[in-house]
Every structure is written in structure tokens, then in C-alpha cells.
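Given next are the chains, with one letter for each unit.
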Amino acid sequence: MPLRHLVNLSDLSQAEFKGLLERATELKAQRTGHEPLKNKVLAMLFEKSSTRTRISFETGMIQLGGAAIFLSPRDTQLGRGEPIEDSARVISRMVDCIMLRTHEHRTVELFAQHSSVPVINGLTDQSHPCQLLADMQTYFEHRGDIRGKTVAWIGDGNNMCHSYLEAASLLDFTLKIACPPSYEPDQQFMDKADGRGVLMHDPKAAAEGADLVVTDVWASMGQEEEQSRRELAFRGFEVDDQLMSRAAQDALFMHCLPAHRGEEVSASVLEGPQSVVWDEAENRLHAQKALLEFLLIEDHPLREH
Ligand code: CP
Ligand code: NVA
């Protein structure tokens, strides 16, 4: 069985992506009692903080019959400069899967190149594919297929925005992106979206008629010292009730969390009837269980190669 990784969403075909979403919903109904990953071990390497990613992967592995090892840079020789290539070769000789959350995207790519087991991107400066599995599962559960719908991305053209652009291409929806000038997503991800990403600078125009409104923090992990500069640049980009009223009547609101109430989203929207952020957070668990099965089970029926 060829080795598969999830470094970016585009590592999946459209059918695989949709199949994973369906499987995630099945696993959500089933919860426990299904242990196909008995004795399998996931190593989780975190260079940045995490609540959802760590807990969902660790819980997911336990529920599937396996185990997970949490490693911060202080816990491994990576933090003392052991080369990524060597670390990938050594760690992958002992465990069955490796999940990494890193600053540089290149670190995950290098790990995948040198690992003999599947590597999962648990967030890099460039993308956050696991979050998109959960977001899309949440949309499908609440509203059905997202094909042909319009999603408004309000805020920074960051790692989440990049993964939304990849999802737009795979699941065939339009992504209207409103960001302040010089906070646009990378052109390579706009290109990947194949015309489905529409760039603008006015949040009201992006929200108009949208089926889903999504935002994220203005300063991502690693950009803390830019906080005050970004607060100025993103003035007028808060998703509040007024902005939501421009979206479709049955529009949903999502945020990968953690959220800053009163900055990128008002408390009333985050806690309001259109917000599905708690389902979205829970679905990290179910979506990643589907992903772990997909990457680790021999001859998994969803795998196209
Ligand atoms: N959304 C997300 O990835 O959350 P954590 O940073 O808590 O893992
Ligand atoms: N864009 C955010 C996402 C956090 C889950 C960050 O990178 O900090």
C-alpha cells in the first residue's frame, strides 16, 4: 500500500475528501467500541500551543484502540538541533503515524519526505488541513452539500484561509475573501483554487448573500508582536450582527477557535443562533478519526491510490 500523508488538503481527491466527511459522521454516531488501530501509536510533535488538535488526536487514537505520544520541542532532540531528516527517519521507525504542528511548513514537508509512516499536518504557518475536515463535516451535517454555495472569509489571508481555498477547489464552492490590503492569501493558494477564490477588501461585499461566514484571529501564533499593528489594519473586519445580517438568512458562522470576542468576532455572533463553532470544534475528533483510519488501515476502501 503506497504511503500517504496529509500535508495539504490537496493530497486528497474530491471523492476521498467527501468519503472522509461521511465516515466522520458515522464515527460520530458510533463513538466507541470500534478499535481498528489496536497497538498503533501516533507521535504528536508540537512547536506551538494547542487545545483542540492535541486533545482530539489523542482521544481519537485511544478510542480507535491505539495510543498517542505528546512531544514538545523540549522533549526531543529536535529542540536541540537534531536534523529534521534524521528525526523523521528515527521516529517513523518506532511509531505508526506522526502528526506535527510547526512554525515553518517546510518542516512538515521535510518530515513527510523522510518518514516511513504517514505524516499529518496539524497546522503550519501555511495551512491547517485538519480544521477543514471538521469545518466541512460541520457544514454538511447542518446544511448538506456545500457544492455551489458561497463562503465568506473575513479577515487575514492566513493558514486557515489557504486551506479554505483548497477546500473550495475540492468541493466546488466559491470563497469570497475580504482582507485588508497586504494581508491577502498567498498567490499559490489563489491559483490552486482555480477561480473559486474571489479577493476583495470590503467585508460587507464578501458577506452579501453568503451561506457560510468564517473568520479567524487577526494575529496567528508566532505573530504576537504584530498584534497592535494588526488591530489597526483589521478595523472594520469584525464579524458582528450587522455583517451577519448581510449573509443569507440561514447562513452559518464558523471560527476554528480560539476566538477573541470583540476583535474578529462579536460575542453575540459567536454565541448566537447561527454559530456552529462548538460542533465544529467537536468534529475535529470525528474527522481526524476518519483520517487516521484512512491513513493507517491497509487497503482502506476510500483510498484511490
Ligand atoms: N483550531 C485549532 O487548531 O485549535 P488548537 O490550536 O487549540 O489546536
Ligand atoms: N490562524 C490561527 C489558527 C489557530 C488554530 C493560528 O495559526 O494561530
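Refer to the structure above for everything that follows.
Residues numbered from 1 in each chain as written. Chains lettered and ligands numbered in written order. Predicted model: local features only at pLDDT ≥ 70, side-chain atom pairs only at ≥ 80, totals over all residues. Heavy atoms only, no water.

Draft legend 1. Broad picture of the overall build of the protein chain. Assigned secondary structure in the protein chain consists of 12 helices and 9 strands. Relative to a compact globule of 305 residues, whose C-alpha radius of gyration would be 19 Å, the protein chain shows 19 Å and is just as compact. In terms of overall dimensions, the protein chain has a C-alpha envelope of 55 × 40 × 35 Å along the principal axes. Counting only residues that meet the buried cut, the protein chain has 56% of its 305 residues in that class. At a minimum sequence separation of 6, the contacts of the protein chain that also span at least 24 residues come to 73%. Surface exposure of the protein chain reaches about 12,700 Å², of which carbon and sulfur atoms provide 47%. (Helix = DSSP H or I, 4+ residues; strand = E, 2+ residues; numbered from the N terminus. Rg over C-alpha atoms; globule rule 2.2 N^0.38 Å. Buried < 20%, exposed > 50% of the residue type's maximum accessible area, 1.4 Å probe, protein only. Contact = heavy atoms within 4.5 Å. Areas by Shrake-Rupley, 256 points an atom, 1.4 Å probe, with all protein chains shown as cover.)

Draft legend 2. Broad picture of the site of ligand 2. Around ligand 2 sit Leu123, Asn158, Asn159, Asp216, Val217, Ser220, Met221, Cys256 and Leu257, and that is every residue in its neighbourhood. At a separation of 2.8 Å, a nitrogen atom of ligand 2 approaches a polar side-chain atom of Ser220. A breakdown of the residues in the shell around ligand 2 according to their chemical character gives 5 nonpolar, 3 polar and 1 charged. (Near = heavy atom within 4 Å. Polar contact = N/O pair within 3.5 Å; in protein donor to acceptor, adjacent residues only side chain to side chain. Nonpolar A, V, L, I, M, F, W, Y, C, P; charged D, E, K, R; others polar.)

Draft legend 3. Seen up close, the pattern of salt bridges. Under the counting rule described, the total for this entry stands at 18 salt bridges. Across the pair Arg23 and Glu26 runs a salt bridge whose closest N-O atoms are separated by 2.7 Å. Remark: Glu26 and Arg23 occur in helix H1 (residues 14–30); sequence separation between them is 3 residues, near one turn of the helix. Taking the relative accessible area as the measure of exposure, Glu26 reaches 43% and is therefore partly exposed. (Salt bridge = Lys/Arg side-chain N within 4 Å of Asp/Glu carboxyl O.)

Draft legend 4. Focus on helix H4 (residues 105–114). Residues of H4 that are buried: His105, Thr107, Val108, Leu110, Phe111 and Ala112. For H4, the elements touching its buried residues are strand E1 (41–46), helix H3 (84–92), strand E3 (97–101) and strand E4 (119–121).

Everything listed is a geometric property; what it means functionally is a separate question.
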